[in-house]
Structure formats: C-alpha cells, structure tokens
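Fold and contact review
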Amino acid sequence: MNRSFHKSQILRFYDCSAVEVKSKFGAEFRRFSLDRHKPGKFEDFYKLVVHTHHIANTDVTIGYADVHGDLLPINNDDNFCKAVSSANPLLRVFIQKREEAEHGSFGAGSLSRRRKALALREDGPRRRTHLHIGLPHDFRPVSSIIDVDILPETHRRVRLYRHGCQKPLGFYIRDGTSVRVAPQGLEKVPGIFISRMVPGGLAESTGLLAVDDEVLEVNGIEVAGKTLDQVTDMMIANSHNLIVTVKPANQRNNVVRGSRVAGGSGRSSDSGASRHSLPAAPALLRLQPDDVDSDDEPDVVLEGVLGPRPVPRLPPPPPPPPPGSQARVNGAGPGLGREGPAHRLLSSLRADPRHSLALPLPPGAVEEHGPAVTL
Amino acid sequence: MMKFRFRRQGADPQREKLKQELFAFNKTVEHGFPNQPSALAFDSELRIMAIGTRSGAVKIYGAPGVEFTGLHRDTATVTQMHFLPGQGRLLTLLDDSSLHLWEIVHHHGCAHLEEALSFQPPSRPGFDSASGPLSLARVTVVLLVAAGDMAALGTEGGSVFFLDVPTLTLLEGQTLAPDEVLRSVPDDYRCGKALGPVESLQGHLQDPTRILIGYSRGLLVIWNQAAQCADRVFLGNQQLESLCWERSGRTLVSSHSDGSYAVWSVDAGDSPMTQPTVTTTPYGPFPCKAINKILWRNCESGDHFIIFSGGMPRASYGDRHCVSVLRAETLVTLDFTSCIIDFFTVHSTRPEDEFDEPQALAVLLEEELVVLDLQTPGWPAVPAPYLAPLHSSAITCSAHVANVPAKLWARIVSAGEQQSPQPASSTLSWPITGGRNLAQEPSQRGLLLTGHEDGTVRFWDASGVALRPLYKLSTAGLFQTDCEHADSLAQATEDDWPPFRKVGCFDPYSDDPRLGVQKVALCKYTAQMVVAGTAGQVLVLELSDVPSEQAVSVASVDLLQDREGFTWKGHERLSPRTGPLPWPAGFQPRVLVQCLPPAAVTAVTLHAEWSLVAFGTSHGFGLFDYQRRSPVLARCTLHPNDSLAMEGPLSRVKSLKKSLRQSFRRIRKSRVSGKKRATSATSKLQEANAQLAEQACPHDVEMTPVQRRIEPRSADDSLSGVVRCLYFADTFLRDAAHHGPTMWAGTNSGSVFAYALEVPAAAAGSEKRAERAVEAVLGKEVQLMHRAPVVAIAVLDGRGRPLPEPYEASRDLAQAPDMQGGHAVLIASEEQFKVFTLPKVSAKTKFKLTAHEGCRVRKVALATFASVACEDYAETCLACLTNLGDVHVFSVPGLRPQVHYACIRKEDISGIASCVFTRHGQGFYLISPSEFERFSLSARNITEPLCSLDISWPQDTTRASYRLRESPKLSQANGTPGIVLAPQSRNGSPDPGHSRRADTPEPPEAMLSPMSVDSATSADTTLDTTGDVTVEDVKDFLGSSEESEKNLRNLAEDEARACSILIK
C-alpha cells in the first residue's frame, strides 16, 4: 500500500509522482495525495475517502472532474486509475450520498450544471429509476454502431453523439470515385469520401470512421447523386445527431453478423483519444429511451417582460404580469435536456437590462442530465 | 427503426390529382432586353422584328404582347437574319456559317416559332480546297432574291452561291465565282489582286434578276442573274464596308473604311465607271473610322435621308457609338451609350410606291433598342412598349406587388406620363405592330419594382407579356453627391460639332455607390413606400399627384446602442440636402431615417396602417414612427464575438467587392445564363465515365481534392448579427386572449425577436392616430438551435392562412383573418421551416429541408395556388427557392412537400439571388443583367405570349418531313420551355381563355373570371424580395464551380433533373 498522507504543500515540492487530491463532501474539503503511478485499489481509496471525511457509516458515491470539467464516477479500479493518471495537476473528487446521487448526474456538462443548480434539485421532478446494467451506464455515449442486423456486412452505420456545441465533429469529406457493379460490368461512379480527420475531434476519437471511408448515407438519406456541398450541408444540418453509413476502406474490422457485438474500432486504434470513447455495442443503444426524436433540437424561447396587454375600458385590470421573464427550452417530450445553448444565450442576454431572468422549469422538460438551470 | 423513420409517405392518388390541378411549372416569357444581341431583321410587310443573340437565341417581336422565341441548337452567334417578306419565315446565319430556316406556325390558333430546316455548308469538299475561291467555308452576307425563294450567299472567298430557300439546298451550277466577274473588269483594275470577300449583296426592288455585289476591295458589280452577265461595273478603290441601292435603282451609295461614302450613278453609259459622282467624308478632314453601314431613303418631298453608323473622327470621337442621320442640310449625330449592332428604317417596300418615305429608324444597340420618329421634326424617340433595358443601371433589388388597385395604377401611370412628356407633335406610335395579341386583358395589375445602383426605383407593368416601364423614381436628388459638378463641366465643354444628341437610357455609371437601392416596400392602398439603400438610408415616400416643394425631415437611429469597441471603417453616410426641395409629381420623400453605422440596409418593412417602418442592417434593427417622426426602438443584434462586424471593415470590403463585381459584370458581360442544351442523358453518362476513367484512382492522385469540413454551425460565425427579415403582424404575442400589433425580426444566426407594439388607436373617422408615442416591448426571443439564418417570418391565422396585408381586411379587400383560433408563426430559416404556436411559442410542425436534401433556402414566399379544375378552390402554399436553383412548394401549415422543380442553374448565383415570387405562384429571376425570366408554379395563373400572325405562303404538309424536329421549344433560350402555347389538350380551340387541360370539363369562365383568383385568398404575402448576392452565395458558387471541374456528375444530375419533374 503506497498511500501517503502528506500535506499537499509539502508534497508539491519533493514528490513529483504524487497527485494532489482535493476531496469535497458537501461544503467540506479534504486534501490528501496519491501516488500517480501506483494509485492502488478503488476499495482502499474508498475507505480512505470516507475515513478522511469521517463519514464511514454513510453510503456514498465518488466522482471526479475530468479535464473537460465533466463529472465522472469513480467506482472501480479502472476508472480510479484513470482518474489519478489524468489528474492535472489536481484531482478534484466529489462525494455524494448515494441517495442524493441517485439521479445519475454524471456526464458531460454535469459538473458546471451541478454547481449552479444544486438548490433546485429537491423541487425537480422525480425521475424514474434507471436500469443498472454494468458499466456503460456511468459513461456517456460518444458514438455507436447501429443497425448491424439490417446492413450489409461491408457497411457500417455510425452514430455520433454531440454533447454540447463545443466539441467539433472533426472530419472532412471530399469527392471521389468508387466502383460499382453495373449490368454492363464495373462502372465508376462518383462518391463522397472521408478525406481527413481532425486530431482530437469527435470523429477520430470514436475510431469508427477513417480516412477514405466512402459515405453512403447521411441520416438515412443516400448521398448518391448529391454534390459535395449538399452532403456537407446535410451533415451539418444533422450535426447534433449525425448518423453516417460508410463503407469502410478497411474491411477487416467489420462486424461479424450474428454475434451482436460491435467490431470495435476500425483501423484507428488511438488509445490516447479513446479516453472518453466507448465503442458501444448495439445493446447499449437499446438501453436508451427511443431517442430518435431527440434530434429535434429544442429552440430556446425567452419570454420578455410582457404581461397581458392592459385593455382599455376594462375596469379591473388583468392580473399583473409575473415579475421577471422566463426562459424555457422549447420542444416537448422526454429526452430533451440540452441546456448548454440556453446557458449561453441567457448569459449573453444578461447584459441587457430589459431581461431579468428567473426561470422556473416546466416539468418534464429536463431529463437525462439531472437538474435544470437557475440563474 | 431507421427504415421506418425515413420512409416516405405513400402517395395519395386524390392528393396527387389535386396537386396536378394546382401546380405546374412553366418558364413562360423573358422580359427585358435580350442579352448580347448580335443581329437584327425587320419584315416590313408583317411589321415584325427579329433579334438574334450571341447565344443563338432568336426573338421575334411584333405588337406589344406578340413575342416568339427560338433557340438554335448550337451556341453560336447569330450573325445575320433575313425575313422572307410576308411569310413569317426567317433565315438565320450563324457564325459557324450554318443557315437555319425558322417559321412561325400556327397550332390551334396560336402561333409559335419553330426551326424548320437547317443547312450546313460542306466545309471541306474533296474537290474543293478550303482556301479555294469556290469554298463555301465562310458566308459573309446573305441576300434573299425572287420573293424569298432563293438566297444569294456571299463568301469570304469572293464567290456568290445560290440557295433554294424552301428546301435549303445549294443550287449547283449557278455559283458566281470572282473570276467570272473579273472578266468584265479592265485589266489595269485586275492587277493580279483578289477581289476580297463579298462585303455586300443588294437586291433591286423592282427587278429581282439584278443583284448588286460589292467586294471588299471596292469593286461594285450589278449582276444580271438571268443573263449571267455583269450589267454595270463600278471600279471603286476604297475598301468597301457597306452598300445601299436606292429604290429606283438609279443611284448607289457605298460606304468605306476610311469614313467616307460615295454616291454612284447607275445611268451613265456602259463603260465601267471609275469615279463616283460624289465622295464625302462627313466627319473629315482628319482620319475617320469606317462607316459600317449606310442606308439611303428617298422621300416624296424630294430630298433623301442618308443614315449611317460610325465614321467618327478617329482621334477625338473614335470611341463614340454614333448613328448619323442626314437629311438635306440637317445632320444629327445620335450618340449612344453602347455598341451599335444594326439598324433599319420602317418604310414602304411596296414595289409600286415611288418613294421610301421612312417613318421610323430603329437602332439596335448592345444594351437597348432605340426607335426614332423620322416624320416628326426633331426626330424624337418613340418610347418602346417592350424590350425595356432593365439594366439601364444595374439592378440591385426587386419586388413584386400583385393586385394593384386601379386608382393607384392610374396615379402611377399619370406620374410616369408627366415624367416623360410626349412631344405633342409626335404622331407616330410604335411602328412595329405585327401580329395580334390573343391573350386576354390581364386579370389583375401586377407591378414589378426594381431598385437600381444609381438610387432609382423603376416601376414596371408586369401584368402581361410585355414588361412596360411606367414610372421612374429617383432618390439621388435628396442627397449631395460629389459627381454633380463634374457633370455640368463636361457638358459645358462639349463642342457643337459634331452635333451630338444623347439618345437612349442605358447608363451604367453610378454617381455614388451609396445611393444604391437595397430594399423596396410599397403599400398599395396608401401609396406610401419605403426605399432603403446602401448607406443605411431609409426613405419613406408618398405618392403625390402634384409637384411640390418641401423639406424632408431627417432622423438618425443608432443601431449599435452604445456597444463598445466598435469603429465603423466603412463608407460615410450620405449627407442630405437641407431646406425645401422641389419634387415632381410622383413619389415624394417625406421622412429620411439614416442608420448608424451607415451599413447597407438588409431588411425593411412598412406598415402604413400603424405608420411604422422597420429596418435592419448588419448591426441591428430599428423601428420608426413616421407619423410622429420619432424613433421607437433600436436594437443591436451583434454578437460580442463577431469581431469582423465589430471592427467594421467588413462592410467596406463587401460593398467594394460587390460594386467591383457588378462593374465587371456590366462591362464584360461575361456572365450569361448558359443555355441548356438537350443532350441525351446516356451520352452524358458515357462522357462522365470516360472522364472518370481518365482520372487516376483517387488513392494515387497527388493533387489535394476539394474537401469540406464537417463542423456544426457555431455561434460566433461572422455576420451573425445581420438582420435578414422583418415582419409586422396583428397577432397574439402576450396571451391567447388579446391580439395586438407585433413586430418580428430574424437574424443571420437564427435568432428571432418578437416585439409587442403599443400603437395608439386612430381617432374615430380619421386615419391619423392620436399623437401618442408608439411603444415596443420585447415579447419573445427565439433562438433556433440549428442557428441557420432566418429567411422569412409570417404569421398564420386560425385557419392556417397568412395574415392579410395592412388595410386589406379593413377595406374589405381580403377576407378578415380568423382571430378566434390559435395563431401560429412560420419561421423559415435557410435549413428548416418551422411553425410555432402563438402566444406560447412551441414547435408545431417543421420540415428540415437541408437535413434531407442538402440544399439551403434562398428565397421564400407564401403564394396562393388556384386550381384549374375547380374555380374557387385555392390553397396557400410556401414556395421556396434553394441554393441549387430548385423551387419547392410546401403546404401550409402542415409543411408537407408538394412538388419541386429545377428552375435555375445552381451556378447562376445572381439568378438565384434575384428571384422574386409573386402572390399567385409566379416568379421572376434575372437570366442576364437585362432580362427577367418569368416562371409560373401555378397551373392556373400563367402569363405567356398567346398571339397569331397573318402569314401568307403555301404551307405544304409534305414539307413536314423535312423538319428537323417538331418542337424546339423544349430547349428555348436560357433553358426556357419558351412559348408553351399548346399543350396537347388545346383541342383545336383558338380561344386561349379555355382551360389548358382537356380532361377537366370546365366552364370557360374559369379563366375568364380571374378575379376569383385574387379574391379567393389575397392573404398571401411575398415575404422576401431581395436581389442581394450574399457572401454565402458566392461561396456556394465558388465551391460548386471548382468542384464541377473535377466531377461531371453534377452535370449528369442536372440533366436528369431537368427532364424529370419529381412529384413527391
């Protein structure tokens, strides 16, 4: 056991392999350090944490903030190891009581949201409990191979999930020619190909798309007969939930029909980027509520300070307008919890004196990522 | 799952039938002046005129409304055209030396133009070398002899060939070689030199056997075709340009390359004449340019007209485009602004008449047609009822106003008449009067407004086939521009010799690019209009029947709203003239609002009932109460990250770029809407395959391919603050119980702002409202998550119909909107259409066009489509034009795709940018700087030429077998279906008022009572009528052009789309 309980200040100076840990439970902080190279087992870490916080008798979940500011769980040796090794330089650990954490608020953007929104959670709608099936639950999907059962084995249908608007999709397409079997023999036909991947982009990190893959469909629409610009526009218009069907240039990693297991990454096997990639099995997709409609991006509607118009010649004036204005994410139905753009919009509007914002959330409008926004 | 999602709905046969009754795509007529004309012909018997263009189009014009269009299959310049007099047939010569015979044929009472025969001279026959004198390789001139049965072809080699016109076959053995002519020429003239090309062939009016041949070297020969000998020989020594044979045949006049003309007398003696009677160099003594064409016309009064083009002193006026008209001592040098293509006189051609008595002179210039009345002293110009030079200053925007009330129409017409007073003495009306217009009187008056670069707005009568100028509004007089002094100086220094006279209205030079008109809106009930320009000027005008002198109140609105860190580096705002200014009758300015910073106005809208005008630029939008003359609202839409707009150089760069582009377009005229050629799809495919086979496999190609980055639209793209559309509506914004005035604004970054307006009610009985301030409160703000630019906004009433225009409902001109049911707002972005409920803005229906088709929306309008089968059935639909040039129609408010058609080539970005939809399912777009193509999406509301021509020649049916193809109209000029006169269903009925569909038994009133078209639903609104080429457009264009070089697939695709109309 290589645990060390030095004070962090001292530690910084003479032990570079140590990782400073700042652990937070409620309003309390504890600081300690871990060895970056030999972090040890999760179980020991858990014991250490509850010991440090003097909460030995409570059931807690432990999470940490990754480099993107996302709150990710620490619940086994692997992710504990990952957490320690990726700490740069400080590992921020968040501890929650198990019942409070029940709402599964891990995921992209969840940390920042939590910071602002803790107060509201008690009023928030009670969510139905999630199915707990293994590890994938605690990760957010980045991409998935879908429709393995209906596609030819030579094709691959990849779905890219874009979380928030910040992360680029990160690939380029070009014109090219591909060879088709025609009645009169082989025929060269124009096609659209992936020409380049942006390093660190979403497309590269999934490992499911590669340079020179031929794009056959975009969100179910064949690209044959469409120009490069048309295909570009189609992809961008669908960028929040992009489903591309490709014919991979490398046909060796194809999904084997019947096994129901995704063949994993294509030729790209960059493990550095796979930190937040989880090539999901088709089974994962079934876990999600049918989110076909979740690509209906909600438009943000801000209500101005605007009560009912005072109607002349009406002695009792209508009830005064509710103070302040409202913002809501528009778009009914479950699975619509994208507050990111709303945030940006709201914050950009705060400068405008006409807008004083307070937003009670319409029930049911927020799911999946937990509580809503209050400013 | 996926399969289910993307499956298309099955076709409902009933709906399909209804769609066929509602929608039909036709390109009906081309308005304006043909681009790049190259040839002119006139049939004085039928009184019709033909214009040929460099793209191979042939257009025939008669009386207003009589128009025929044809297109040669090859894109070759039409160099000459000759009418077979009285026959309605036209012989055209292309610059590839092929001859084509066109004829006007009647189908079921309506005439149209068809190519009957063509003749390609044997270019390199085995026995005849190309350089030999007998080669027919290059035809220089054509003369029709013997009442059009035979044609003489003069060639570059100096030979004259003869051609049988009815069959277009060469008459062997009659060929007149230069050697034969040289036999009758004295030896000392021969001196071993060739005679040169045949420059001119002239026939004798009374004696068809005699032909006057002029050779380039100067030799003139009167050849007797019957006797096969030279009657007379004139040994000219000056290089010949053109010849004219006087009516009686006694006098010849020849024009020469040194700017002189010579008159020869035919009567004197038998010996070859060596000296002309008179030689004159009209603009001597200094070296002059050639006289390209000369006409001699005699009059009963004894003297004669000599009309010639060119001949100007080379050094001082060599660059002028002049036609000189000389009669006795009177010389007028008509000074035109563009090149002279050709000219003719309208005169008597009956052989029994002794005198020509020219009535009119028609001059075809590169940019316009000018007709002068030669019978009235002073030779005034006759206003043309068609062929209007739309581009007299470059068109910067356009708008269409449908159903103009008769009263306003009359006022505009009278204002236009006062503007260009007809000389009372001029009795001559338009001299080209051939044919009869069978189209009925237009059911409603349609006004097309074009804004121009020089700050003018032109009003055109777009009701019928002929686009007639009505009135011209100039806004330049309100502003001080630097160019005025220079102008007056230039005029003062002008000499009075030569006696120049400026003729024509084509004036491509703008005084100040800031004057350019960007947006126009007209309220047809109050005759108020708003004109917005490049320097942020927003001008509210009102129609007045009397001239007045008054000051214009000026206000400025700061759209930046104290946004920090901004410096405008673009142009200054225009400085208005102060004090009372005289205004002629017509639209007179009342209020001038200037936006700060003075960026170009990108959106404008007017609500005359509320006396409000809203305007937007790339920085924000403002609302102005022009009754109280006070600003109501200003809102900055700039995104803090939009550094480009914040720093300001953008607008300068853009406007400079734009004006440069426009200048180039004008000067070089390089951008012509290409003509679509019918090539079989299979050959295209083979071509594409061949091309692809030539290319190496993409893997081993060294060159970097064109590639596109797939990145979602981010918020901090530049230009995100540009206000794209503004809209006024009386609807429910606050709550579902009370409706009230609202204003909507949409930006380039997908934001929509909705303001509730507090407009004080008008006092009873007066149109003026109480003097209380209008207030605007921000009601809703919608951020479309896909962040695409908002192209248009419209509010739909409880029945799903668009709200009527201001005053329409209150004056009982439209059905009042349903204020009971829930209103909805339709927001059209470049990528999607969405309908939201009001007042709670929640999404109801949507259509994601870009996600499905990969195209982006450029223009959108709500239009009423009336059924051809059922008189009073009409639907309001959303018509949209995409960046690929396709027109889509969607149902409203269901947003279901109905039909789509390929309309404009996607490379034609200015065509796409200039498109304007009308309220009844028609549209206009520019196919060249000077021509609007009119198209129709409605199966019922079609404006197309329907005309007949009284022609007299024996039409033998056997000749039909000679016809190359039955209907050239499928590939008309600019890919236009042209005059689709007779769908197979016309049933032989000569009455064009009858239904176009034979299978629908329909009372003829269906088209004869077209008021129902208008009154059924007048609640359609032309949402956006911009003529702006945006940066996006250019990006599209650049991208697609480089791409198309790489890949022919697009071509094949276009081809496929052109011939199949997909009905989904």
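Remember, predicted model here, so these are calculated numbers, not experimental data.

**Brief notes about the overall build of chain B**
- Within chain B, the regular secondary structure consists of 16 helices and 64 strands.
- Of the roughly 40,100 Å² that chain B leaves accessible, carbon and sulfur atoms contribute 52%.

**So, the overall build of chain A**
- What chain A contains, in helices and strands, is eight helices and 14 strands.
- Counting only residues that meet the buried cut, chain A has 51% of its 375 residues in that class.
- Contacts spanning at least 24 positions in sequence make up 62% of the contacts within chain A whose residues lie at least 6 apart.
- Accessible area for chain A stands at about 18,400 Å²; split by element, carbon and sulfur atoms hold 56% of it.

**As for the sheet that holds strand β28 (residues 369–373) of chain B**
All names here are of chain B.
- The strand order across the open sheet formed by four strands is β26-β27-β28-β29, and the pairing between neighbours is antiparallel. What marks the edges here is a single partner per strand, and that holds for β26 (340–346) and β29 (381–382).
- Pairing of strand β27 (residues 360–365) with β28 involves five bridges; the strand directions are antiparallel. Within β28, the residue paired with Leu364 across the bridge is Leu369.

**A short note on the state of the cysteines**
Residue and element names in this part refer to chain B.
- Applying the stated rule across the entire model yields zero disulfides over all chains.
- No disulfide involves Cys636; its sulfur sits 12 Å from that of Cys595, the nearest cysteine.
- We note that Cys877 lacks a disulfide partner, and the nearest cysteine sulfur, in Cys880, lies 12 Å from it.
- With a relative accessible area of 0%, Cys877 lands in the buried category.

**Considering the pattern of salt bridges**
- By the definition in use, this model includes 36 salt bridges over all chains.
- Here Arg180 of chain A and Glu214 of chain A are joined by a salt bridge, their closest N and O atoms 2.8 Å apart. Here Glu214 of chain A lies in strand β10 (residues 214–218) and Arg180 of chain A lies in strand β8 (residues 171–182), a separation of 34 residues in the sequence.
- Look at Glu214 of chain A and you get buried, because its relative accessible area is 5%.
- Here Asp229 of chain A makes a salt bridge to Arg708 of chain B, at a shortest N to O gap of 2.5 Å. With one member in each of two chains, Asp229 of chain A in helix α6 (residues 228–237) and Arg708 of chain B in strand β47 (residues 707–710) form a pair that bridges those chains.
- The exposure class of Asp229 of chain A is buried, given its relative accessible area of 18%.
- Connected through shared salt-bridge partners, Asp147, Arg157 and Glu217 of chain A make up one network.

**Points about the packing of aromatic side chains**
- Applying the stated criterion to the full structure yields 25 aromatic pairs over all chains.
- Judged by centre distance (5.1 Å) and plane angle (65°), the ring pair of Phe459 of chain B and Tyr471 of chain B falls under edge-to-face. Taken as a pair, Phe459 of chain B in strand β33 (residues 456–461) and Tyr471 of chain B in strand β34 (residues 468–474) lie far apart in primary sequence, twelve residues in all. Taken individually, Phe459 of chain B and Tyr471 of chain B each receive the classification buried, so the pair is uniform in this respect.
- Feature note: the residues Phe25, Tyr901, Phe917, Tyr925 and Phe935 of chain B constitute an aromatic cluster, connected by ring pairs.
- The aromatic ring of Tyr172 of chain A is capped on one face by Arg196 of chain A, whose charged end is 4.2 Å from the ring centroid.

**Remarks on the confidence of the model for chain A**
- Here chain A averages 65 in pLDDT, while 53% of its residues score no lower than 70.
- Confidence, read as mean pLDDT per element, is least for helix α7 (residues 282–287) of chain A in chain A (34) and greatest for β10 of chain A (93).

**A word on the pairing of strand β51 (residues 775–783) of chain B**
- By the bridge criterion, four bridges tie strand β13 (residues 300–303) of chain A to β51 of chain B in an arrangement that is antiparallel. Looking across to β51 of chain B, one finds that Val301 of chain A is bridged to Val782 of chain B.
- Sheet analysis places strand β50 (residues 751–758) of chain B next to β51 of chain B, joined by eight bridges and oriented antiparallel. Paired with Ala754 of chain B across the strands is Lys780 of chain B, a residue of β51 of chain B.

Conventions we followed
- Residues numbered from 1 in each chain as written.
- Chains lettered and ligands numbered in written order.
- Predicted model: local features only at pLDDT ≥ 70, side-chain atom pairs only at ≥ 80, totals over all residues.
- Heavy atoms only, no water.
- Helix = DSSP H or I, 4+ residues; strand = E, 2+ residues; numbered from the N terminus.
- Areas by Shrake-Rupley, 256 points an atom, 1.4 Å probe, with all protein chains shown as cover.
- Buried < 20%, exposed > 50% of the residue type's maximum accessible area, 1.4 Å probe, protein only.
- Contact = heavy atoms within 4.5 Å.
- Pairing = 2+ DSSP bridges.
- Disulfide = S-S within 2.5 Å.
- Salt bridge = Lys/Arg side-chain N within 4 Å of Asp/Glu carboxyl O.
- Phe/Tyr/Trp six-rings, centres within 6.5 Å; stacked < 30°, edge-to-face > 60°.
- Lys NZ or Arg CZ within 6 Å of the ring centre and 35° of its normal.
- pLDDT = per-residue confidence, 0-100.

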